[in-house]
Structures are given as structure tokens and as C-alpha cells.
Amino acid sequence: MRDKTLCVKRPQVSHEGFASLATPTYRASTIVFDSAEAYAKRSQRGPDGYTYGLHGTPTSRTLEASITALEQGERTVLVPSGQAAITVVFLSILLPGDSVLIPDTAYPPVAGFCENYLKPRGIGYRIYDPMIGGAIAELIDESVKLIWTESPGSTTMEIQDIPAIVSAAKARGVLTGCDNTWATPLYFKPLAHGLDFSSMALTKYVGGHSDLLMGSIAVKDTDLHRRLKDTMRMIGIGVSPDDCALALRGMETMGVRLAHSGQVATSFARRMAGLVPSGLVLHPALPDCAGHEFWKRDFTGSSGVFSIVIPPHAEDTIPDLLTAAKIFSIGASWGGTHSLLAPMTITRKASDDAHPGTILRISIGLEDENDLWADLHPIVASIAAREPIVRTA
Ligand SMILES: *Cc1c(COP(=O)(O)O)cnc(C)c1O
């Protein structure tokens, strides 16, 4: 071989004895074949074969298999974001004339997708009260093909009665799915509770370091897996092996990160609940949280995100207190090592607007607990004051 060829062709080196604990990052667009015959038959390689980088590499398959094991499922697909994990499920199941039921407390872009993407294409949706439980049966008509759940609900933290919803759906042959980003399969196993799809924004706790975007969908049924893969292939989406390697690294520490953040978040929530009027702290482990009994029954823990309602008298003081926070950053995409505060405005369509106005979402990371409390204390004090704190210059 001449020099320019040597620049391109790689010599074979031995892998013998190279036993690393790290998962190698295999990058690929094209996959090459030993023979023209193998190439001609590439479509027969099945869901575990390799045919094109977009459809999987050993790195992405390792992440998929790790999530499948945690989810107690059969297969997992990886998509470029948590939002895509939801939309790919919807697109794989729903046809014109069909409809989907989504909870009022779903991650807000889900309703946006239904209204602005699905509806113009003839796919309907209905928003339901997250606390509906078995009464969801009354909303199931011939058009309903999928019931989506998210528990706890975004920002307002309601825990849904998943077994009741699943049994109503199964009685009518309707598929069900759950956005399990908050609990992760460490604290709630959607597939074991009868849901057909378990989705997660790996962007949050699995990635864990605020530096990657990815979503996963786990299933038990291999036919559903095929439908998800078909949709992804037709749309042309996949994930980067570099991001998969980051997610695999993040997952190794997820157990200890979640245990720590969850313990600090729960102790802060209890402390705050003792200082402010009742009902303002929204955390599934608090007895007055909507669905607390379902959390106790179905979940094995809680992660590091909870909320506190900002009453009208404190609204004006909050922006300055957020800006003054030294350890917390202001930002939305939670689940990392850095603690975050995010003021959220919530509007509800199918359930009571129990908390109009601003709700402060709190994500606990890995910083020192006392440093974090020093930031939260003035916020809690302004809420506890029950009237505007008048500052003297
Ligand atoms: C962040 C989040 C998503 C979306 O994840 P992205 O990767 O940011 O698209 C979906 N569901 C929940 C519950 C989330 O918190």
C-alpha cells in the first residue's frame, strides 16, 4: 500500500487482554460487510444486528441494554431528547382519527405537540385531571388508542393512581405509557406496573451532569419495539455514541446521586412545610401531597425535585431572592449535580387551578446542605411572613 492509502486504512491491532471497565465509544455512520452477499442480506440481521450507525452501535446498544435491565423490560430505544421519547411513542401508535389522553400535569411541551402537530394531522387529544384514577374509563371512547401518564406531575407533583388507570385501559385494549423522568426506574418501575411504555429524559438524572440531551423508551413487547424502531428509521433519528458514553458514565453514579439528592430534598421539604402555611410545599413524601398514598404504595423513594407555591404576598420579593441565591442557579433542566431554582407559571385545563400564580421548582444537586439552606431560608421566610416583607433602606 502506498502512503495515501496507509493514511486511510487502519492496521489491525490486538484487543487481546484489553479488559477495561469503561464502555468504548464506537463511532460509525457506515457499517462495512465481509462480502457482497452479507451486504445484500443486511436487512436480515434483525433488531440486534448492525447495519447503519444511525440504527445502533455497540455503545448505544450497551446503554439500551442497561436501561432495559433497570426497567425490567425487553427492549429500549434511544432518542435525541426526553421530549422525543414522548413524541416517538405518540407517532408510533396514533393514526388520523385516533386520539390520546394526556394528564393536565404532563411536561408542558406534550400538550403543545398534541395541539400544534397532531391535531392539524387529524389526531385528537383530551386533557384529563391527573387524579382521575379509574374514572378515566369514562373518557375512553372508540378513538382513544393511548393513555399517557406522568407521575409525579410536572411542577405540581401529583402522584397518579397508575394501577387504576392501567386496568381501565387494559379493559378497553388501550395502550398506556408513563414519563418516568422524576423517579427513574430506581424508584418506580412503570413496566412492572403494567404500563406499555416507560419513557425517561436521560437528560436529567441518568446523564446527571447537565451536559447531554437524550431520551429513552423501554417496552416489554417486542412488537411495540419494532414499531418504535420503524418510526425512528422513517423519521431518520438516532443518538450519538459520544452522548451514550456520557450517559453510561452518568448512570454509574445515579444510585448515590439520587439517594443523596432525594434525602436532602425530602428533609428540606419537611423543614419548609413546618415553616410555611400548609399545602404550599409540594413533595410526594408529604402526607398532604395529592396522591401521597399512591407514592407510598407504588414508589420506593423520591428524587431531588419538589416545589413550593409562592403566595401572592411574596410574589414581588421572589425575583430578587432568586437572583441573590449564591449556590442555586436559575434554570429549568433539573437532575444535575448543580442545584436549580425555576419559577414556573402553571395553567390547568382539566383540573382545579389549585395553585394559580408562581410555583418555585427546586432541584437539589450535590452541594453542601447548609450552603443550600442559606439560599432557601430567605425565600421560605418571605413566604412564611404571610404578608409582604417591607424592607427599610
Ligand atoms: C425535561 C423533561 C422532559 C424533556 O426532556 P428533554 O431532554 O429536555 O427534551 C420530559 N419530561 C420530563 C418530566 C422532563 O422533566
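These figures come from a predicted structure and were not determined experimentally.

(A) Representation of the overall build of the protein within the structure. Across its full length, the protein holds 12 helices and 12 strands. Relative to the globule expectation of 21 Å for 393 residues, the C-alpha radius of gyration of the protein, 23 Å, shows essentially globular dimensions. Taken along its principal axes, the extent of the C-alpha atoms in the protein is 80 × 55 × 35 Å. Each of the 393 residues in the protein was classed as buried or not, and the buried ones make up 51%. On the protein, roughly 18,700 Å² of surface is accessible, and the fraction owed to carbon and sulfur atoms is 54%. Distance between charge centres in the protein, computed from 35 positive and 41 negative side chains, equals 8 Å.

(B) Molecular detail of unusual backbone geometry. At the junction of S151 and P152, the peptide bond is cis and its omega measures out at 0° in the coordinates. Its place among the elements puts P152 in the loop between β4 (144–150) and α6 (162–171). Phi angles above zero are rare outside glycine, and T184 is one such case at about 60°. In this fold, T184 is placed in helix α7 (residues 184–187).

(C) Structural view of the sheet that holds strand β10 (residues 329–330). Taken together, the five strands give an open sheet; going across it, the order is β8-β9-β12-β11-β10, and neighbouring strands pair in mixed fashion. Edge positions in the sheet fall to β8 (281–282) and β10, since each of these pairs with one other strand and no more. In the sheet, strand β9 (residues 305–309) pairs with strand β12 (residues 358–363) via five bridges, with the strands oriented antiparallel. Within β12, the residue paired with V309 across the bridge is I359.

(D) Local environment of the packing of aromatic side chains. The tally for this structure, following the rule as stated, stands at eight aromatic pairs. Their ring planes at 80° and their centres at 5.5 Å tell us that F90 and W148 sit as a pair that is edge-to-face. Placement of F90 in helix α4 (residues 82–93) and of W148 in strand β4 is noted, with a sequence separation of 58 residues between them. An identical accessibility class is assigned to F90 and W148; each is buried. Seen from their ring centres, F188 and F299 are 4.6 Å apart, and the 15° between their planes marks the pair as stacked.

(E) The arrangement of the pairing of β9 in detail. Burial runs high along β9: five of the five residues are buried. Taking every second residue as pointing to the same face, both faces of β9 are buried, with V305, S307 and V309 on one and F306 and I308 on the other. As defined by bridge partners, β8 adjoins β9 across two bridges and the pair is classed as antiparallel. Each bridged residue has a counterpart across the sheet, and for L282 the counterpart in β9 is S307.

(F) Representation of the site of the ligand in the model. Near the ligand you find S81, G82, Q83, Y107, E150, D179, T181, A201, T203, K204 and W334, and these make up its full shell. Within the side chain of T203, a nitrogen or oxygen atom sits 2.6 Å from an oxygen atom of the ligand. In terms of residue class, the shell around the ligand is made up of three nonpolar, five polar and three charged.

About the criteria used
- Residues numbered from 1 in each chain as written.
- Predicted model: local features only at pLDDT ≥ 70, side-chain atom pairs only at ≥ 80, totals over all residues.
- Heavy atoms only, no water.
- Helix = DSSP H or I, 4+ residues; strand = E, 2+ residues; numbered from the N terminus.
- Rg over C-alpha atoms; globule rule 2.2 N^0.38 Å.
- Buried < 20%, exposed > 50% of the residue type's maximum accessible area, 1.4 Å probe, protein only.
- Areas by Shrake-Rupley, 256 points an atom, 1.4 Å probe, with all protein chains shown as cover.
- Lys, Arg positive; Asp, Glu negative; His and termini not counted.
- Charge placed at Lys NZ, Arg CZ, Asp CG, Glu CD.
- Pairing = 2+ DSSP bridges.
- Phe/Tyr/Trp six-rings, centres within 6.5 Å; stacked < 30°, edge-to-face > 60°.
- Near = heavy atom within 4 Å.
- Polar contact = N/O pair within 3.5 Å; in protein donor to acceptor, adjacent residues only side chain to side chain.
- Nonpolar A, V, L, I, M, F, W, Y, C, P; charged D, E, K, R; others polar.

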